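These are the residues of each chain, in order.
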Amino acid sequence: MRRALRLAARAAGRTSPNPLVGAVIVRDGELVGEGYHHAAGETHAEVNALRKAGAAARGATLYTNLEPCAHQGRTAPCIDAVREAGIARVVVAMRDPDPRTDGKGIRGLRAAGIQVEEGLLREEAERLNAGFVSRLKRGRPFVLLKVATTVDGRIAVAGRRDLSTKPALREVHRLRDRTDAVLTGVGTVLADDPALTVREVKGRDPLRVIVDADARTPPTAKVARAKDPQRTVVFIARDADVRRTNKLREAGVSIVTAPRAEGGLDLGAVLRWLADHGVNTVMSEAGPDVNGALMRGGLADRVLFLFSPVAGGDGPPALEGVTKVNELRDVRIRKLGADIALEGNLSQPT
């Protein structure tokens, strides 16, 4: 099962709206086939593993981190392929929360006389697909806040463009590669003109999401001049300036309207739109206002602090307006060059 989880994780950032799934087939104590779901629309993990196993799949055990699907989508139901291959036993880490399957896959396998066990490494499987589960059960993606700060909690240092060192920047780009969408506010666009692409590591670029109530994003900004500007989504208010909005449309970016909220846009509505369009995971690389609003609104699930070993920073606090206590759980601390990375899951504020 651990092998299945590792295989599934290889496709992080590439399968949405589908989950991350890996499958391993074992017969008489030997691995005879394995596979994972590479991208939405492509064959599922179980089918890839069964193809590699061939005739050796008959009488074997299939390990998979997610219940095999029982519905017809762009591909046929996986339970049919499992049954036809002659698999004798299936070990499932967690059920598929998609209502089209949710238990139906397990029942279908059992009805075909296949032994099914579930729950092995369930917690690890739920963590791996936290974004998929969040989108289906809460109607919004799983949100990670990335916060680069000095040791005294400030977001800038005079005379330095990048607060973080190269190893920390590589980690951020690695996360971009593995995340469906990166979100930032217009303040960050105006101040830093980020590209929000993957450069420090080999990978693919995420969807770029800009929260910009008044359509102030310049058409000349890097996010608008990307090779694929249609993968930049700028959220604006319905009453945003028409001329500025039209210039952004002419630049080729996608424009979406959202309701206004105190200090900007309704971020809950932004996240719901993203979920409706198949986004499972979001990393916010925004400034204090947007990150603070996400945390205050209970819209953030995990936070990654990148502490630069500098005191006496400039600018506002890293999380604007966050006054309620929110303890981190499952905390992990690492050293990235000279920087310290501290990350953990957010509990509900008290």
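Described in the following lines is the structure provided in the data block. Computed from a predicted structure; not experimentally measured. (Residues numbered from 1 in each chain as written. Predicted model: local features only at pLDDT ≥ 70, side-chain atom pairs only at ≥ 80, totals over all residues. Heavy atoms only, no water.)

1. A few points about the overall build of the protein
The following threshold applies: Where helices and strands are cited, they refer to DSSP runs of H or I of at least four residues and of E of at least two residues respectively, numbered from the N terminus. In this treatment the radius of gyration is a C-alpha quantity, and the globule benchmark scales as 2.2 Å times the residue count to the 0.38 power. Relative accessible area decides the class of each residue, using a 1.4 Å probe on protein chains only: under 20% of the type maximum gives buried, over 50% gives exposed, and in between gives partly exposed. Contacts are residue-level and defined by heavy atoms, with any inter-residue pair within 4.5 Å sufficient. Charge convention: Lys and Arg are scored as positive, Asp and Glu as negative, and His as well as the terminal groups of each chain are ignored. Every charge is mapped onto a representative atom, which is NZ of Lys, CZ of Arg, CG of Asp or CD of Glu.
What the protein contains, in helices and strands, is 11 helices and 18 strands. For 350 residues, the compact-globule formula gives about 20 Å, and the C-alpha radius of gyration of the protein, at 22 Å, lands near that figure. Along the first, second and third principal axes, the C-alpha set of the protein runs to 65 × 45 × 40 Å. Classification of the 350 residues of the protein by burial places 53% in the buried group. Of all intrachain contacts in the protein linking residues separated by at least 6 positions in sequence, the fraction that spans at least 24 positions is 71%. Side-chain charges in the protein split into 55 positive and 43 negative, and the spacing between the mean points of these groups amounts to 2 Å.

2. So, the pattern of salt bridges
The test is simple: We define a salt bridge as a contact between a side-chain nitrogen of Lys or Arg and a carboxyl oxygen of Asp or Glu at a distance within 4 Å.
As enumerated under the stated definition, the model contains 21 salt bridges in all. Notably, a salt bridge pairs R174 with E171, separated by 2.9 Å at the nearest N-O pair. One end of the pair, R174, and the other, E171, are both in helix 7 (residues 166–178), 3 residues apart, so they sit about a helical turn from each other. Looking at R174, the relative accessible area reads 34%, which means it is partly exposed.

3. Description of the packing of aromatic side chains
The following threshold applies: Pairing of aromatic rings covers Phe, Tyr and Trp, the last counted by its six-membered ring, and requires centre-to-centre distances within 6.5 Å; plane angles under 30 degrees mean stacked, over 60 mean edge-to-face, and any other angle means tilted.
This model, assessed by the stated rule, comprises 2 aromatic pairs. Taken together, a centroid distance of 5.4 Å and an interplanar angle of 85° make the contact between F235 and W273 edge-to-face. Remark: W273 occurs in helix 10 (residues 267–276) and F235 occurs in strand 10 (residues 232–237); sequence separation between them is 38 residues. Overall, W273 belongs to the partly exposed group, its relative accessible area being 25%.

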